[in-house]
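# Chain and residue survey
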Amino acid sequence: MVRSQALQSLTIGKLATAGGVGVETIRFYQRRGLLETPTRGDGIRRYGHDDIRRLRFIRQAQAAGFTLEKIKELLLLDASDDRHRVRELAKERISALDAKIDELKQARDALKRLAHECGSGSAGPCPILASFES
């Protein structure tokens with residue numbers, strides 16, 4: 001079998017394995033319009049290299065914090081070569097990540113302070129537990 005035929009003959013299970021997801025995730029992405037559902041050639045749906053690439057893109061975009069709606073938009077933009085809009089979406093995501101990083105740093109600093117107060121040996125309940133009650 002030639003390589004191109006081998007790449008076009010992945011079952012949904014093999015596509016899921018190649019993309020590091022479960023079969024139900026593939027089906028979910030298909031229902032959401034992120035992945036195409038191929039026709040059944042011999043009674044089995046066959047997937048190829050482009051499907052693996054698209055699935056990996058979806059997973060990487062999710063890891064960067066993009067919502068499925070934004071990922072769908074990015075996939076459509078890929079076909080249109082609208083680099084301006086892609087850059088705009090990336091900048092929006094970077095701003096959101098920066099805000100989340102600031103929020104997490106504040107939470108870490110507060111928890112460090114509370115842990116230090118808890119270990120200071122003063123009487124009474126630990127300030128960490130008291131802060132979670134309020």
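Up top you'll find the structure we're talking about.
In this report, the structure presented in the accompanying data block is examined. Starting afresh in each chain, residues are numbered from 1 along the sequence in its written order. The model is predicted, so local features are restricted to residues of pLDDT at least 70 and side-chain atom pairs to those at 80 or more, both for listing and for counting; the totals for chains, interfaces and linings are taken over all residues. Computation of side-chain values covers all heavy atoms of the structure but excludes hydrogens and water.

## Considering the packing of aromatic side chains
Any pair of Phe, Tyr and Trp rings, taking the six-membered ring for Trp, is counted once the centres come within 6.5 Å. Such a pair is stacked with planes under 30 degrees apart, edge-to-face with planes over 60 apart, and tilted for the rest. The full count for this structure, using the stated rule, is one aromatic pair. Note on F28 and Y29: the rings are 6.2 Å apart at their centroids and 50 degrees apart in plane angle, and the pair reads as tilted. Relative accessibility thresholds used throughout: buried, under 20% of the residue-type maximum; exposed, over 50%; partly exposed, between the two (1.4 Å probe, protein chains only). Exposure remark for F28: the relative accessible area of 31% places this residue in the partly exposed category.

## Things to note about helix α2 (residues 12–19)
Turning to α2, its buried residues are I12, L15, A16 and G19. Seen along its axis, α2 keeps its buried residues to an arc of 100 degrees; they face one direction. Exposed side of α2, more than 90 degrees from the buried face: K14 and T17 are the residues found there. Should any heavy atoms of two residues lie within 4.5 Å, those residues are counted as being in contact. By the criteria applied, helices consist of DSSP H or I runs no shorter than four residues and strands consist of E runs no shorter than two, each listed in order from the N terminus. At its buried positions, α2 is contacted by α3 (23–31) and α4 (49–63). With its phi angle positive at about 70 degrees, G20 sits one or two positions after the end of α2. Working definition: the arc comes from the directions between the helix axis and the C-beta atoms, pointing outward to the latter.

## A short note on the side chain of Q30
Counting through the fold element by element, Q30 comes out in helix α3. The class of Q30 is buried, set by a relative accessible area of 14%. Think of a polar contact as two N or O atoms within 3.5 Å of one another; within protein, one of them needs to be a possible hydrogen donor and the other a possible acceptor, and neighboring residues in sequence only count if both atoms come from side chains. A polar contact is formed between the side chain of Q30 and the side chain of Y47, at a distance of 2.8 Å. Setting aside anything within four residues of it in sequence, one finds Q30 in contact with L35, E36, T37, P38 and Y47.

## Digging into the packing of helix α5 (residues 68–80) against helix α6 (residues 83–118)
Note on geometry: axes are C-alpha line fits, over the in-contact stretch for helices, and angles between N-to-C directions span 0 to 180 degrees. As a packed pair, α5 and α6 sit with axes 10 Å apart at the nearest point and diverge in direction by 155 degrees. For the element pair α5 / α6, the angle class is roughly antiparallel. Helix-helix and strand crossings are classified by hand; for α5 and α6 the assignment is left-handed. Contact residues: α5 offers K70, E73, L74 and L77, while α6 offers R85, V86, L89 and E92. Only Asp, Glu, Lys and Arg are considered charged, only Ala, Val, Leu, Ile, Met, Phe, Trp, Tyr, Cys and Pro nonpolar, and every remaining residue, Gly among them, polar. Taken together, the residues of the contact of α5 with α6 sort by class into four nonpolar, no polar and four charged. In this scheme, roughly parallel covers angles under 35 degrees and roughly antiparallel covers those over 145, while 65 to 115 is roughly perpendicular and the rest are oblique. Less than a right angle of anticlockwise turn of the near helix away from the far helix marks a crossing as left-handed, whereas a clockwise turn marks it as right-handed.

## Things to note about the packing of α4 against α5
Viewed as axis vectors pointing N to C, α4 and α5 meet at an angle of 135 degrees, and their least axial separation amounts to 10 Å. By the angle between their axes, α4 is oblique relative to α5. Here α4 runs over α5; the crossing is right-handed. Counted together, R53, R54, F57, I58, A61 and Q62 of α4 and L68, I71, L74, L75 and D78 of α5 form the full contact between these two elements. For the contact of α4 with α5, the class distribution of residues is seven nonpolar, one polar and three charged.

## Points about the nonpolar core
Membership of the largest hydrophobic core comes to 21 residues, with the highest contact counts inside it found for I26, Y29, L34, L55, I58 and I71. The set of elements that each furnish at least two residues to this core consists of α2, α3, α4 and α5. Considering every element that reaches this core, the biggest residue donor is α5, with five residues. Side-chain atoms within 4.5 Å link the members of a nonpolar core, which is a set of buried Ala, Val, Leu, Ile, Met, Phe, Trp, Tyr and Cys residues.

## With respect to α3
Along α3, the residues that are buried comprise I26, Y29 and Q30. Down the axis of α3, the smallest arc covering the buried residues is 105 degrees, so these residues share one side. Away from its buried face, by an angle of more than 90 degrees, α3 presents the exposed residues E24 and R31. Next to the buried residues of α3 lie α2, α4 and α5. Remark: G33 follows α3 within two positions and exhibits a positive phi of approximately 85 degrees.

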